[in-house]
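# Secondary and tertiary structure notes
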Protein chains: 2
Amino acid sequence: MAREKDVRECSIARTLDVIGDRWTVLAIRELMLGNRRFDAIASRTGAPRDILTTRLRKLEASGLVTREQYQERPPRSEYQLTDLGWSLQPVLTTLRDWGDRHLAGPDGPPAVFVHSCGEVLEPTLVCAHCGEVPDRNSLTQRV
Amino acid sequence: MAREKDVRECSIARTLDVIGDRWTVLAIRELMLGNRRFDAIASRTGAPRDILTTRLRKLEASGLVTREQYQERPPRSEYQLTDLGWSLQPVLTTLRDWGDRHLAGPDGPPAVFVHSCGEVLEPTLVCAHCGEVPDRNSLTQRV
DNA sequence: CTACTGGGTTTGAATATCAAACTCAGAGCG
DNA sequence: CGCTCTGAGTTTGATATTCAAACCCAGTAG
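Residues numbered from 1 in each chain as written. Chains lettered and ligands numbered in written order. Predicted model: local features only at pLDDT ≥ 70, side-chain atom pairs only at ≥ 80, totals over all residues. Heavy atoms only, no water.

### Regarding the pattern of salt bridges
The tally for this structure, following the rule as stated, stands at 18 salt bridges over all chains. Between A:Glu9 and A:Arg14 there is a salt bridge, and its shortest N-O distance comes to 2.9 Å. Note that A:Arg101 and A:Asp97 form a salt bridge whose closest N and O atoms lie 2.8 Å from each other. Taken together, the residues span about one helical turn, with A:Arg101 and A:Asp97 both in helix α6 (residues 89-102) at a distance of four residues. The structure contains a network of salt bridges with shared partners spanning A:Arg8, B:Arg29 and B:Glu30. (Salt bridge = Lys/Arg side-chain N within 4 Å of Asp/Glu carboxyl O. Helix = DSSP H or I, 4+ residues; strand = E, 2+ residues; numbered from the N terminus.)

Shown next, in the form of structure tokens:
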């Protein structure tokens, strides 16, 4: 009989519990680009407003985003990423980079980041210990 | 009136069109860990079987995965990542790394990769031009 | 007075998800 | 032979989610 308890415990799955949703990721993208207002996030992501509400509430509950009411009547709030939220930048960067490399966009890469070295950021994942770019053959899985 | 045409064209969104789904990402994880069989992927990810079928078909259609029938009767197939599929490794790696750093797991990090330098892979995103680790302050957005 | 803005909530129909049961064609066992 | 198991799905039917569009409320601009 099937055991059904062999689902893999995994940091990837745990991360997806937090940001494993299109509108969540796109909302974080907008926040990283400096948009703090609900309407701006809604229209730039295309997310339905009610869905966006639940996603932002969940991001707040997860500590990635703060909601600050900057006005009482009528209630107006703005959203900002916490440090924890900003720590997702490598995730968004690799997502963007993969799309840039492999998926054709009508107008080329959007929302480009320029690094302080003067060049457009071309992110590369390296091994922190030796500085080399790991590839499929230089990695061994240890499960 | 709202324009509604100001949804941001974006490589992140395009990437999410391809892999913006929990079961899709977890299936790719299993394929990277060497599981080729439908049942193995289903039980290690916990994905419902019908959903997994549609996800694998879509991955195949997107060119990330090949399905090879290794037996006719009864039909038995195995799945493998293409080079394009393997090119998602930085994405999965940053997802895993973020979970490792920020989300508590009951048994610590799973499915660890060991780099050929001998150390457990601790991935870092650097600027390909100058080799420095970019942070929030060294980046300028160019939208 | 009217229109608009901002940050939502409500509504109701369309879709997607899910667990569990089922299918089909063999293989292994006794 | 009869029985069960495996593998790769498909089917079923109940539940949950998504979505677009309309609505709400309090204030501001004209």
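Now that the structure has been shown, we can carry on.
### Side note on the packing of helix α2 (residues 22-32) of chain A against helix α1 (residues 11-19) of chain B
Their axes nearest at 10 Å, the elements α2(A) and α1(B) cross at an angle of 165°. Comparing the axis directions of α2(A) and α1(B) gives the class roughly antiparallel. As α2(A) packs across α1(B), the resulting crossing turns out to be right-handed. Contacts from A:Arg22, A:Val25, A:Leu26 and A:Arg29 of α2(A) reach α1(B) at B:Ile12, B:Ala13, B:Leu16 and B:Asp17. By residue class, the composition of the contact of α2(A) with α1(B) is five nonpolar, no polar and three charged. (Axes fitted to C-alpha atoms, helices over the stretch in contact; angles between N-to-C directions. Parallel < 35°, antiparallel > 145°, perpendicular 65-115°, else oblique. Left-handed = near helix turned anticlockwise from the far one by under 90°. Contact = heavy atoms within 4.5 Å. Nonpolar A, V, L, I, M, F, W, Y, C, P; charged D, E, K, R; others polar.)

### With respect to the interface of chain B and chain A
Facing the 80 residues of chain B at the interface are 80 residues of chain A. The three residues of chain B that bury the most area against chain A are B:Arg8, B:Ile12 and B:Trp98, which together make up 10% of that side's buried surface. Here chain B is connected to chain A by four salt bridges. Of the charged contacts, one joins A:Arg22 and B:Asp17 as a salt bridge, the two residues approaching to 2.8 Å between their closest N and O atoms. There are 21 residue pairs in polar contact (both at pLDDT 80 or more) connecting chain B and chain A. Of all the elements in the fold, those that place two or more residues in the side of chain B that touches chain A are α1, α2 (22-32), α3 (38-45), α5 (83-86), α6 (89-102), β3 (112-115), β4 (123-127) and β5 (139-142) of chain B. For the side of chain B that touches chain A, the class distribution of residues is 41 nonpolar, 21 polar and 18 charged. Examined bridge by bridge, strand β4 (residues 123-127) of chain A and β4(B) share five bridges and lie antiparallel to one another. In the strand pairing of β4(B), A:Pro123 is matched with B:Cys127. (Buried area = accessible area lost by both parts, 1.4 Å probe. Polar contact = N/O pair within 3.5 Å; in protein donor to acceptor, adjacent residues only side chain to side chain. Pairing = 2+ DSSP bridges.)

### Some remarks on α6(A)
For α6(A), spanning 14 residues, the distance from its first C-alpha to its last is 20 Å, which sits close to the expected 20 Å at 1.5 Å a residue. In terms of burial, α6(A) is largely enclosed, as 10 of its 14 residues are buried. (Expected span 1.5 Å × (residues − 1). Buried < 20%, exposed > 50% of the residue type's maximum accessible area, 1.4 Å probe, protein only.)

### Here we look at the relation of the copies chain B and chain A
Both copies of the chain are tied together by a single rotation about an axis and a shift running along it. With an axial shift of 0.0 Å and an RMSD of 0.1 Å, the rotation relating chain B to chain A amounts to 180°. This pairing of chains is accounted for by a two-fold axis. Scanning chain B for the C-alpha nearest the rotation axis identifies B:Leu125, at a separation of 2.2 Å. When the interface residues of chain B are mapped onto chain A, 100% of them again lie at the interface, so the same face is used by both copies. (Least-squares fit on C-alpha atoms with pLDDT ≥ 70 in both.)

### A short note on helix α4 (residues 49-61) of chain B
Side chains that are three or four residues apart share a direction in an α-helix, a result of its 3.6 residues per turn. Residue and element names in this part refer to chain B. Between its terminal C-alpha atoms α4 stretches 18 Å, which fits the 18 Å expected from 13 residues at 1.5 Å a residue. Three or more residues of α4 are buried, namely Leu-52, Leu-56 and Leu-59. Looking straight down α4, one finds that the buried residues subtend no more than 60° of arc, so they occupy a single side. In α4, those exposed residues whose orientation departs by more than 90 degrees from the buried face are Asp-50 and Ala-61. (Arc of directions from axis to C-beta.)

### Some words on the protein's contact with DNA strand D
Residues in contact with DNA strand D amount to 21 residues; listed here are only the nearest, A:Trp23, A:Arg55, B:Arg49, B:Arg76 and B:Tyr79. Here, DNA strand D places atoms within 4 Å of the protein, and 57% of those atoms are sugar or phosphate. In this structure, a phosphate oxygen belonging to DNA strand D sits 3.2 Å away from a main-chain N or O atom of B:Phe38. Separating a base nitrogen of DNA strand D from a side-chain N or O atom of B:Arg49 is a distance of 2.7 Å. At the level of secondary structure, the elements contributing two or more residues to the surface near DNA strand D comprise α4 (49-61) of chain A together with α3, α4, β1 (65-71) and β2 (76-81) of chain B. Top element by residues in the surface near DNA strand D is α4(B). It accounts for four residues. Looking at the surface near DNA strand D residue by residue, the classes come out as eight nonpolar, two polar and 11 charged. (Near = heavy atom within 4 Å.)

### A few points about the nonpolar core
The biggest cluster of nonpolar side chains holds 58 residues, and the ones touching the most others in it are A:Ile28, A:Leu64, A:Leu88, B:Ile28, B:Leu64 and B:Leu88. Once you skip the residues sitting within four places of it in the chain, A:Leu64 turns out to touch A:Val18, A:Ile19, A:Ile28, A:Leu59, A:Gln80, A:Leu81, A:Thr82, A:Leu84, A:Gly85, A:Leu88 and B:Trp98. (Core = buried A, V, L, I, M, F, W, Y, C linked by side-chain atoms within 4.5 Å.)

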